[in-house]
Amino acid sequence: MMECGSTILNRHILAYAVAFTCLAVLVTGTANADEVPFFANSNVPDYSAWMNVWRGHGRPQPYSRSVVHHNGLTHVEETNDGRSEIYYGNFFGNVVLQAEKNAAGDFTSFRVNTTATQGGYLDLRGSRLTVESDSQAGERCRWWEIVRQSLQDRQQSGPLWFSCLSGDGIEVATKVLFSDGTPMAKTQLVKLVRRPVADSEVNPPAILFDPGFWLKPFRQYSAKPATAADFEASMVGRNSEIKLLRHYPWRSEEFRGKDGSSRFMVWNELENQGIRVYSSKGHQHLDASRRPLNPKSPWDSFDHTTGRVDLNKSESLEESCAWFDMMPNVADAGRRQCLTADGIPLRDVITSGWGGGETYEAVSIKRRSVDLKEMIAPLELLDPSKWGFSVAN
């Protein structure tokens with residue numbers, strides 16, 4: 001098993017690689033579903049709030065959270081260990097954009113997810129006003145219980161979510177309890193200012209939807225190795241087909257499933273850098289990353305390779321190829337590719353210890369010069385309005 005991952009994570013990796021139906025698992029789980037404030041109604045005034053957050057997992061020290069609200073739109077920033085998690089949310093549109101900045105203040109990742117399933121991104125099933133009240137930094141509030149699970153799930157496992165709203169509907173505190181009532185996490189108000197808020201303060205920056213930013217090279221790359229030819233290829237599997245382009249160290253992939261699902265992805269093989277857009281019935285997902293690959297944990301989040309181990313086995317398909325294990329030391333998942341001497345996959349076999357899998361065969365290969373401009377995601381896929389947002393320039 002990978003040192004940095006659990007069986008659940010490895011299963012998520014494979015499910016993404018095979019069926020692309022589990023994208024929401026990592027993003028919409030209820031472990032941290034309070035990215036944006038809860039609203040009981042739509043007439044909450046504009047405000048700015050500063051809060052302290054405590055979460056479990058052996059972190060006794062609080063970290064800071066700021067919230068800016070205007071007309072149901074919120075801009076939230078949480079700073080912890082030198083990193084900032086940033087959320088832009090449309091509560092009544094049931095959509096949240098999550099971004100991350102490093103200690104230098106540079107964006108390193110973002111994602112946005114939309115879904116037509118019950119509860120949607122925020123996983124809300126309902127809410128009810130309790131009889132409990134509180135006071136936070138001089139603001140009186142009433143506690144609401146937020147229902148994020150079915151009644152059966154709540155009775156079995158929890159957790160229990162609560163939001164304390166002021167008289168005019170502003171969330172000034174939150175708490176999350178385990179099913180036995182012991183605390184899991186809490187948020188407490190430090191300061192609240194009711195003031196007019198401009199649209200630009202609650203709209204995400206345009207740079208998040210700019211492919212040029214996410215694909216800007218980190219550095220000059222060495223000359224292309226002999227095993228990294230430029231090429232265009234089409235591969236067909238049982239349930240889907242893929243078009244591949246490569247210009248070292250960049251690759252792009254267009255996926256089409258027989259069920260109508262689609263995906264566009266472009267990434268840098270030498271970094272954890274790229275853009276991915278996925279769409280299926282009732283579900284859309286966009287994420288981007290711009291991080292150097294961690295040599296201690298070389299897991300590429302785009303094509304899920306964790307290394308390259310020569311299996312000392314060759315085969316003659318359309319031409320000669322050698323087999324490599326592209327996901328060594330990963331539990332419950334596997335990926336093997338038969339590569340030509342210049343690095344073109346002729347067969348790609350994805351396996352699972354729990355039932356899924358797909359095998360792709362190359363049906364056409366063209367060795368040719370490929371320009372990075374050919375790999376840029378179509379602008380309509382990154383249109384902010386497609387994802388429920390306006391942007392601040």
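## Observations concerning the environment of His 247
- With respect to the secondary-structure elements, His 247 resides in strand E13 (residues 240–247).
- By relative accessible area, His 247 is classed as partly exposed at 30%.
- The sequence separation of His 247 and Met 375 amounts to 128 residues, and the corresponding C-alpha distance is 9.1 Å.
- Other than its neighbours up to four places away in sequence, His 247 contacts Asp 230, Val 370 and Met 375.
- Within the structure, the side chain of His 247 is placed 3.1 Å from the backbone oxygen of Val 370, a separation counted as a polar contact.

## Some points on the nonpolar core
- Among the nonpolar cores identified, the biggest contains 29 residues, and Tyr 47 and Leu 192 are the most heavily contacted of them.
- Taken together, the elements giving at least two residues each to this core come down to strand E1 (47–55), strand E8 (139–147), strand E9 (160–166), strand E10 (171–177) and strand E11 (183–193).
- Looking at this core element by element, the count peaks at five residues for E9.
- Leaving out residues up to four positions away in the same chain, Tyr 47 has contacts with Pro 37, Phe 39, Val 67, Val 68, His 69, Ile 170, Glu 171, Leu 192, Val 193, Arg 194, Arg 195 and Val 197.
- Residues Ile 86, Trp 214, Leu 215 and Val 370 belong to the second largest nonpolar core, which totals 27 residues.

## Observations concerning the pairing of strand E2 (residues 63–70)
- Counting buried residues along E2, six of its eight residues qualify, which places the element largely inside the surrounding structure.
- Alignment of E1 against E2, held across seven bridges, turns out to be antiparallel. Within E2, the residue paired with Trp 50 across the bridge is Ser 66.
- Pairing of E2 with strand E3 (residues 73–80), which is carried by seven bridges, proceeds in the antiparallel orientation. Along E3, the bridge assignment pairs Ser 66 with Glu 77.

## With respect to the pattern of salt bridges
- The tally for this structure, following the rule as stated, stands at 24 salt bridges.
- Note that Glu 201 and Arg 195 form a salt bridge whose closest N and O atoms lie 2.6 Å from each other.
- With a relative accessible area of 27%, Glu 201 lands in the partly exposed category.
- Close ionic contact of Glu 358 with Arg 238 constitutes a salt bridge, the shortest N to O distance being 3.8 Å. On the criterion of sequence distance, the pair formed by Glu 358 in strand E22 (residues 357–366) and Arg 238 in the loop between strand E12 (231–236) and E13 is long-range, its members being 120 residues apart.
- Relative accessible area serves as the criterion here: at 3%, Glu 358 is assigned to the buried category.
- With a relative accessible area of 52%, Arg 238 lands in the exposed category.
- What emerges from the salt-bridge pattern is a single network uniting Arg 83, Glu 85, Glu 100 and Arg 291.

Cut-offs and rules
- In this convention, every chain numbers its residues from 1, walking through the sequence in written order.
- Side-chain atom pairs in this predicted model are given and counted only at pLDDT of 80 or more, local residue features only at pLDDT of at least 70, and totals for whole chains, interfaces and linings cover all residues.
- Each side-chain value is worked out from all heavy atoms of the structure, with water and hydrogens disregarded.
- Each helix is a run of H or I in the DSSP string that is no shorter than four residues. Each strand is a run of E no shorter than two, and both are numbered from the N terminus.
- Burial classes: relative accessible area under 20% of the type maximum marks a residue as buried, over 50% as exposed, and values in between as partly exposed (1.4 Å probe, protein chains only).
- Only heavy atoms enter the contact rule, under which two residues are in contact if any of them lie within 4.5 Å.
- We define a polar contact as two N or O atoms separated by no more than 3.5 Å, with the added condition that, inside protein, one atom must be a possible hydrogen donor and the other a possible acceptor, whereas residues neighbouring each other in sequence contribute only through side-chain atom pairs.
- The term nonpolar core refers to a set of buried residues drawn from Ala, Val, Leu, Ile, Met, Phe, Trp, Tyr and Cys, joined through side-chain atoms within 4.5 Å.
- When DSSP finds two or more bridges between two strands, those strands count as paired.
- A pair is scored as a salt bridge if a Lys or Arg side-chain nitrogen falls within 4 Å of a carboxyl oxygen belonging to Asp or Glu.

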